[in-house]
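Here's the letter readout for the chains.
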Amino acid sequence: MTMPDIDFEKRRELGWKIYDEKIKHLVGPQEKGKFLVIDVTTGDYAIDRDVITARKKLKAESPDAVTYLMRIGFPAPYHSHGPRIRYDAP
């Protein structure tokens with residue numbers, strides 16, 4: 001089976017919609033910080049502390065899953081810190 005062609009913005013939109021409507025009320029505070037992988041075509045999902053494990057769990061159940069990744073309780077799955085640049089340096 002071929003995966004449908006869904007761009008990132010559409011995946012994000014579908015992922016958040018599924019999370020808000022079907023998953024959000026099921027996760028408790030003990031899940032904060034865990035990774036949530038959602039199949040945006042079926043609504044299936046997997047949760048785990050490790051992103052690779054969560055993805056493997058979902059793919060084991062739905063090999064053709066079109067996935068969206070989020071981190072419970074955070075606006076983005078990862079946070080990157082770049083070097084601080086001082087603009088007032090001489």
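To be clear, the structure that these remarks concern was listed above.
About the thresholds
- In this convention, every chain numbers its residues from 1, walking through the sequence in written order.
- Reporting in this predicted model follows two pLDDT cut-offs: at least 70 for local features of residues, and 80 or more for side-chain atom pairs to be given and counted; totals over whole chains, interfaces and linings ignore these cut-offs and use all residues.
- The side-chain values count all of the structure's non-hydrogen atoms but skip hydrogen atoms and water molecules.
- Pairing between strands is defined by DSSP: at least two bridges between the two strands are required.
- Only DSSP runs of H or I reaching four residues or more are called helices, and only runs of E reaching two or more are called strands; each is numbered from the N terminus.
- Axis lines are fitted through C-alpha atoms, for helices just across the contact stretch, and the angle between N-to-C directions can take any value from 0 to 180 degrees.
- By definition, residues are in contact when any of their heavy atoms lie within 4.5 Å.
- Salt bridges are identified by distance alone: a Lys or Arg side-chain nitrogen within 4 Å of an Asp or Glu carboxyl oxygen.
- Summary of the burial criterion: residues with accessible area below 20% of their type's maximum are buried, those above 50% are exposed, and those between are partly exposed, where the area comes from a 1.4 Å probe applied to protein chains only.
- Throughout this description, the term nonpolar core refers to a set of buried Ala, Val, Leu, Ile, Met, Phe, Trp, Tyr and Cys residues connected via side-chain atoms within 4.5 Å.
- The directions considered for the arc are those from the helix axis to the C-beta atoms.
- N or O atoms within 3.5 Å of each other form a polar contact, as long as, within protein, one can give a hydrogen and the other can take it, and as long as residues adjacent in sequence are counted only when both atoms are side-chain atoms.

### A closer look at the sheet that holds strand 1 (residues 35–39)
- Taking strand neighbours across the sheet as the criterion, the 3 strands line up as 2-1-3 in an open arrangement whose pairing is antiparallel. Looking along the sheet, the strands with just one partner apiece sit at the ends: strand 2 (45–48) and strand 3 (67–71). Across the sheet, the axes of successive neighbouring strands diverge by a mean angle of 15°, strand direction being ignored.
- Summarising the sheet, strand 1 and strand 3 pair through 5 bridges and their orientation is antiparallel. When the sheet's bridge partners are listed, valine 37 is paired in strand 3 with leucine 69.
- Packing of helix 1 (residues 8–23) onto the sheet brings it into contact with strand 1, strand 2 and strand 3, and relative to strand 3 it is tilted by some 60°.

### Quick notes on the pattern of salt bridges
- In total, this model carries 5 salt bridges according to the counting rule given.
- Linking arginine 12 and glutamate 9 is a salt bridge whose minimum nitrogen-to-oxygen distance equals 3.0 Å. Taken together, the residues span about one helical turn, with arginine 12 and glutamate 9 both in helix 1 at a distance of 3 residues.
- Looking at arginine 12, the relative accessible area reads 35%, which means it is partly exposed.
- Among the residues examined, glutamate 9 registers a relative accessible area of 46% and is labelled partly exposed.

### Section: the nonpolar core
- Counting 13 residues, the largest nonpolar core has Tyr19, Ile23, Val27, Leu36, Ile38, Met70 and Ile72 as the members making the most contacts within it.
- Of all elements in the fold, only helix 1, strand 1 and strand 3 reach the threshold of two or more residues within this core.
- Top contributing element to this core by residue count: helix 1, with 3 residues.
- Of all hydrophobic cores here, the second largest spans 5 residues; its members include Val37, Ala54, Leu58 and Ala65.

### Observations regarding helix 2 (residues 51–61)
- Buried residues of helix 2: Val51, Ala54 and Leu58, and no others. For helix 2, the angular spread of buried residues about the axis comes to 65°, placing them on one side. Looking at helix 2, the residues exposed on the side facing more than 90 degrees away from the buried face are Ile52, Lys56 and Ala60.
- Turning to helix 2, the residues buried within the fold contact strand 1, strand 2 and strand 3.
- One side-chain oxygen of the residue at the start of helix 2 lies 3.3 Å from the amide nitrogen of isoleucine 52, identifying that residue as aspartate 50.

Worth remembering: the numbers are spatial, not functional.
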